[in-house]
Amino acid sequence: MQSDDINSPEAIRALTPDTPILIDHETVDAGVWRWLNGARGVRLRRWALVIGMSDGQERARLLRRGFGDTCDLAIGLPELHARALRITQQAEALVRWRQHGPLRLDLIERDAFVGDKSVGLHPREFAVLWRLMDSPGEAVGKRELLRDVWNLSFVPETNSVAVHTSRLRSKLAVAGLPGWIQTAPGGGYQLVGRAEMDSPNDENIQIGA
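Residues numbered from 1 in each chain as written. Predicted model: local features only at pLDDT ≥ 70, side-chain atom pairs only at ≥ 80, totals over all residues. Heavy atoms only, no water.

*Asks:* Is there a simple way to explain the overall build of the protein chain in this structure?
*Replies:* If you tally the helices and strands in the protein chain, you get eight helices and nine strands. Relative to its 209 residues, the protein chain shows a buried fraction of 42%. Taking contacts inside the protein chain between residues at least 6 apart in sequence as the whole, the part at least 24 apart equals 50%. As presented, the protein chain carries roughly 11000 Å² of accessible surface, and 49% of it is formed by carbon and sulfur atoms. (Helix = DSSP H or I, 4+ residues; strand = E, 2+ residues; numbered from the N terminus. Buried < 20%, exposed > 50% of the residue type's maximum accessible area, 1.4 Å probe, protein only. Contact = heavy atoms within 4.5 Å. Areas by Shrake-Rupley, 256 points an atom, 1.4 Å probe, with all protein chains shown as cover.)

Here it is as structure tokens:
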């Protein structure tokens, strides 16, 4: 288990996401914590075991955010080892690709592909598209995107969601998928491309498959 000094964003970005990372919530650097909770930390979150979290609701929130596991400080070494082993097993079985019609998302590459052609997404654009693909055809509100992609619990005055979604639409259109992201009635956005178009059913391809 990686437990070296990771109290800087540079240090944690340098970690290889192939073994559990032990994070003490009470002492972790605020910048590292923001980075882990943001869109760029998605690849490391599934390897992170967060200790020192006494609030049950907060632990549940971290699990929903994709952290590998979380627990209170009152944990013995045998249990800590068992939780770390479980994180390894789960992380190695995570879905790497998501497919919707001819559109394929690659979690490792952090990009979208139509056939073999890269769409060329910015990490935040990828995170928005990945979130929309959680539930194709269903509207995802601006507040939900801010929470799940930007890790914000409030609606800022900036129009970052609209800007990134506009760029994402443009890139999908260039890739031959115009109109695949639409503004939903009442606000928010939805992925509306037809899932049956020229696509094998390989939604459950796993990392390392």
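*Asks:* Can you walk me through the pairing of strand β4 (residues 97-100) in this structure?
*Replies:* Side chains on a regular strand alternate between the two faces of the sheet. Across four bridges, β4 lies against strand β5 (residues 103-106) in antiparallel orientation. Bridge pairing in β5 links R98 to L105. Count of turn residues in the β4/β5 antiparallel hairpin: two residues, of which G101 carries a positive phi of about 60°. (Pairing = 2+ DSSP bridges.)

*Asks:* Explain the pattern of salt bridges here, please?
*Replies:* Two side chains of opposite charge can pair, provided their charged atoms sit close to one another. All chains considered together, the criterion is met by nine salt bridges. The salt bridge involving D69 is made with R83; its shortest N-O contact spans 2.8 Å. With a gap of 14 residues between them, D69 in strand β3 (residues 69-70) and R83 in helix α5 (residues 77-92) connect regions that are remote in the sequence. Look at R83 and you get partly exposed, because its relative accessible area is 22%. A salt bridge links R131 to D134; the shortest N-O distance between them is 3.6 Å. Overall, R131 belongs to the buried group, its relative accessible area being 14%. Linked through salt bridges whose partners overlap, the residues forming this network are R98, R131, D134, E144, R147 and D148. (Salt bridge = Lys/Arg side-chain N within 4 Å of Asp/Glu carboxyl O.)

*Asks:* How should the side chain of N37 be read in this particular structure?
*Replies:* Within the secondary structure, N37 sits in helix α2 (residues 30-37). Engagement of the side chain of N37 in a polar contact is seen with the backbone oxygen of W33, the distance being 2.9 Å. Residues contacting N37, with those up to four places away along its chain left out, are R45, R61, L62, R65, F67 and N151. (Polar contact = N/O pair within 3.5 Å; in protein donor to acceptor, adjacent residues only side chain to side chain.)

*Asks:* Got a minute to help me understand the sheet that holds strand β6 (residues 111-114) in this structure?
*Replies:* Within a beta sheet, neighbouring strands are joined by backbone hydrogen bonds and run either parallel or antiparallel to one another. Spatially, β4-β5-β6-β7 is the arrangement adopted by the four strands of the open sheet, whose pairing is antiparallel. The open sheet terminates on both sides in strands that have one partner only, identified here as β4 and β7 (117-118).

*Asks:* Looking at this structure, I do not really get the sheet that holds strand β1 (residues 21-24). What am I missing?
*Replies:* The three strands are arranged β1-β2-β3 in an open sheet whose pairing can be described as parallel. The outermost strands of the open sheet, each flanked by one partner alone, are β1 and β3. Judged from the two bridges that link them, strand β2 (residues 48-51) and β3 form a sheet pairing that is parallel. Paired with V50 across the bridge in β3 is T70.

*Asks:* For this particular structure, what's the right way to read the packing of helix α6 (residues 123-132) against helix α8 (residues 160-174)?
*Replies:* The packing of two helices is summarised by the inter-axis angle and the distance between the axes. Contact geometry for α6 and α8: axes closest at 9 Å, N-to-C directions at 85°. Considered as vectors, α6 and α8 are oriented roughly perpendicular to each other. The segment α6 lies against α8, with R124, E125, V128 and L129 engaging H164, T165, R167, L168 and K171. When its residues are assigned to classes, the contact of α6 with α8 shows three nonpolar, two polar and four charged. (Axes fitted to C-alpha atoms, helices over the stretch in contact; angles between N-to-C directions. Parallel < 35°, antiparallel > 145°, perpendicular 65-115°, else oblique. Nonpolar A, V, L, I, M, F, W, Y, C, P; charged D, E, K, R; others polar.)

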